[in-house]
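Below are the chains, spelled out letter by letter.
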Amino acid sequence: MEDMPDEQSPKKQWMNAEKYIQAGLGLPAATFIGWAIGTLLDRWLHKNWIYVVGLLVGIVAGFVQLIRVAMSAESKN
């Protein structure tokens, strides 16, 4: 077997794929978690608007994570 270049190794390809999977799943996961926490607080505090705040916080957190992953992937390439 001949040695593969570092960028073509299967381990390197899986590591790159993991970064993009993390970027793709982070935004919806953060949005759902923010909404869920907001909904639980709504029920606990007997309010009807906290879920919107949780949803917005989750969306912002998801975009921050998306930007961090994108910047990290860009700087390593």
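As a starting point, this report considers the structure included with it.

Before going further, it helps to examine the overall build of the chain. Helices and strands together make up the secondary structure of the chain, namely 2 helices and 0 strands. Taken across its 77 residues, the chain has 19% of its residues classed as buried. Sequence separation of at least 24 residues holds for 53% of the intrachain contacts in the chain that already meet a minimum separation of 6. In the structure as shown, the chain presents an accessible area of about 6,400 Å², 68% of it carried by carbon and sulfur atoms.

Turning next to unusual backbone geometry. The backbone of His 46 sits at a positive phi, close to 55 degrees, despite the residue not being glycine. Residue position: His 46 is located in the loop between α1 (10-45) and α2 (50-76). Accessibility expressed as a relative area gives 71% for His 46, which makes it exposed.

On the surface, Phe 32, Ile 33, Trp 35, Ile 37, Leu 41, Trp 44, Leu 45, Tyr 51, Val 52 and Leu 56 cluster together into a nonpolar patch covering about 990 Å² of accessible area. Broken down by secondary-structure element, the contributors of at least two residues to the nonpolar patch are α1 and α2. If you tally residues by element for the nonpolar patch, the top one is α1, at 7 residues.

Time to look at the packing of aromatic side chains. Enumeration over the complete set of coordinates arrives at 1 aromatic pair. On the basis of an interplanar angle of 40 degrees and a centroid distance of 5.7 Å, the ring pair of Phe 32 and Trp 35 is categorised as tilted. With Phe 32 and Trp 35 both in helix α1, this residue pair falls 3 residues apart, about one helical turn. Accessibility expressed as a relative area gives 52% for Phe 32, which makes it exposed. On the basis of relative accessible area, Trp 35 is assigned to the partly exposed category, the value being 37%.

Relative to the elements of secondary structure, Thr 31 occurs in helix α1. Under the relative-accessibility criterion, Thr 31 is labelled buried at 19%.

Thresholds, definitions, all that
- Residues numbered from 1 in each chain as written.
- Predicted model: local features only at pLDDT ≥ 70, side-chain atom pairs only at ≥ 80, totals over all residues.
- Heavy atoms only, no water.
- Helix = DSSP H or I, 4+ residues; strand = E, 2+ residues; numbered from the N terminus.
- Buried < 20%, exposed > 50% of the residue type's maximum accessible area, 1.4 Å probe, protein only.
- Contact = heavy atoms within 4.5 Å.
- Areas by Shrake-Rupley, 256 points an atom, 1.4 Å probe, with all protein chains shown as cover.
- Patch = residues over 30% accessible without salt bridge, like charges linked within 9 Å, V, L, I, M, F, W, Y side chains within 5 Å.
- Salt bridge = Lys/Arg side-chain N within 4 Å of Asp/Glu carboxyl O.
- Phe/Tyr/Trp six-rings, centres within 6.5 Å; stacked < 30°, edge-to-face > 60°.

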